[in-house]
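# Residue-level structure breakdown
Here is how the chains run, residue by residue.
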Amino acid sequence: MAATPRGTTPVPPDVRPRLTVLSGPSGVGKSTVVAHMRKEHPEVWLSVSATTRKPRPGEKHGVHYFFVTDDEMDKLIANGELLEWAEFAGNRYGTPRAAVQERLEKGEPVLLEIDLQGARLVRESMPEAQLVFLAPPSWEELVRRLTGRGTEPPEVIERRLDAAKIELAAEPEFDTTLVNTSVEDVARELLALMDVV
Ligand SMILES: Nc1nc2c(ncn2[C@@H]2O[C@H](COP(=O)(O)OP(=O)(O)O)[C@@H](O)[C@H]2O)c(=O)[nH]1
Ligand SMILES: Nc1ncnc2c1ncn2[C@@H]1O[C@H](COP(=O)(O)OP(=O)(O)O)[C@@H](O)[C@H]1O
């Protein structure tokens, strides 16, 4: 039988790697862990979400997020182009569906970094997905990290900490919890959960 070049034939669903969802409160270190992991394993594909939030200094369109207007977000939702979407602390965020499906069909590992509401929606629509919760070592440390990052004004931090209380209470809904004490350790554990190493 002739060899089939990788990527031309969809991998059957039963041997496709599972989609992994990483969630956790704002400031717990999700972006830091994922960036660390992808520095050594750039083959781990991270979905780039669409958001109505304004870019932080250094954030690039198409890399960190697709920064869209409210009208553009309305259209993405109306056209069914998002796998899931949610409103978080006054902005909307959503996962572009096509890119995720393409990767899964090729048999590549897929990682979504999304909020609790999004994780719940993915669990409903894709029960085979694994849900990973990133927890802070303590509440005080979470406040320290979110404040120390210096990217949000105090009222936005308050809003995110309110959301964090709800998210922390939902931890038992997840398949696995990783406590972000050491970025290196968590990145390694996440890679293992994704069957990358
Ligand atoms: N449901 C959903 N949540 C998302 C998506 N993209 C990002 N988020 C979440 O939205 C929340 C706010 O993200 P962001 O404004 O970048 O703040 P940060 O998590 O503190 O860096 C975080 O919990 C993200 O994981 C998405 O496509 N869908
Ligand atoms: N394990 C850790 N120990 C100490 N500081 C951390 C750790 N992980 C992340 N941080 C810091 O916490 C802040 C929030 O991290 P970030 O990755 O932006 O969080 P999130 O993406 O979950 O909102 C950043 O300043 C980051 O450098």
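Looking up the chain in an unreviewed UniProt entry gives the name Guanylate kinase, with the organism given as Streptomyces africanus. Comment text from UniProt for the chain, heading Sequence similarities (unreviewed entry), reads "Belongs to the guanylate kinase family." The UniProt entry for the chain carries the following text under Catalytic activity (unreviewed entry): "GMP + ATP = GDP + ADP".

### A closer look at the packing of helix α5 (residues 139-149) against helix α6 (residues 154-169)
Following both chains from N to C, one finds α5 and α6 inclined at 145°, their axes separated by 11 Å at the closest point. When you trace α5 past α6, the crossing you get is right-handed. Residues Trp139, Leu142, Val143, Leu146, Thr147 and Arg149 of α5 touch α6, and the partners they reach there are Ile157, Arg160, Leu161, Ala164, Lys165 and Leu168. Here the residues of the contact of α5 with α6 are counted per class, giving 8 nonpolar, 1 polar and 3 charged.

### Let's talk about the UniProt feature "binding site: ATP" (unreviewed entry) in the chain
With numbering matched to this structure, UniProt assigns "binding site: ATP" (unreviewed entry) to Gly24, Pro25, Ser26, Gly27, Val28, Gly29, Lys30 and Ser31. Within the secondary structure, Gly27 sits in the loop between β1 (19-23) and α1 (30-40). Sequence-distant contacts of Gly27, that is, excluding residues within four places in its chain, are made with Leu142, Arg145, Leu146 and Arg149. On the secondary structure map, Val28 appears in the loop between β1 and α1. Since its relative accessible area comes to 0%, Val28 is described here as buried. Sequence-distant contacts of Val28, defined by excluding residues within four places in its chain, comprise Leu134, Ala135, Pro136, Leu142, Arg145 and Asn180.

### With respect to the site of ligand 1
Ligand 1 sits among 19 residues. The nearest are Ser26, Ser49, Arg53, Tyr65 and Tyr93. Tyr65 has a polar side-chain atom sitting 2.6 Å from an oxygen atom of ligand 1. In the environment of ligand 1, a nitrogen atom lies 2.7 Å from a nitrogen or oxygen atom belonging to the side chain of Glu84. For ligand 1, whose free accessible area comes to 570 Å², the fraction covered by protein is 98%.

The rules behind the values
- Residues numbered from 1 in each chain as written.
- Chains lettered and ligands numbered in written order.
- Predicted model: local features only at pLDDT ≥ 70, side-chain atom pairs only at ≥ 80, totals over all residues.
- Heavy atoms only, no water.
- UniProt positions renumbered as here; feature names shortened; annotations may be inferred.
- Axes fitted to C-alpha atoms, helices over the stretch in contact; angles between N-to-C directions.
- Helix = DSSP H or I, 4+ residues; strand = E, 2+ residues; numbered from the N terminus.
- Left-handed = near helix turned anticlockwise from the far one by under 90°.
- Contact = heavy atoms within 4.5 Å.
- Nonpolar A, V, L, I, M, F, W, Y, C, P; charged D, E, K, R; others polar.
- Buried < 20%, exposed > 50% of the residue type's maximum accessible area, 1.4 Å probe, protein only.
- Near = heavy atom within 4 Å.
- Polar contact = N/O pair within 3.5 Å; in protein donor to acceptor, adjacent residues only side chain to side chain.
- Areas by Shrake-Rupley, 256 points an atom, 1.4 Å probe, with all protein chains shown as cover.

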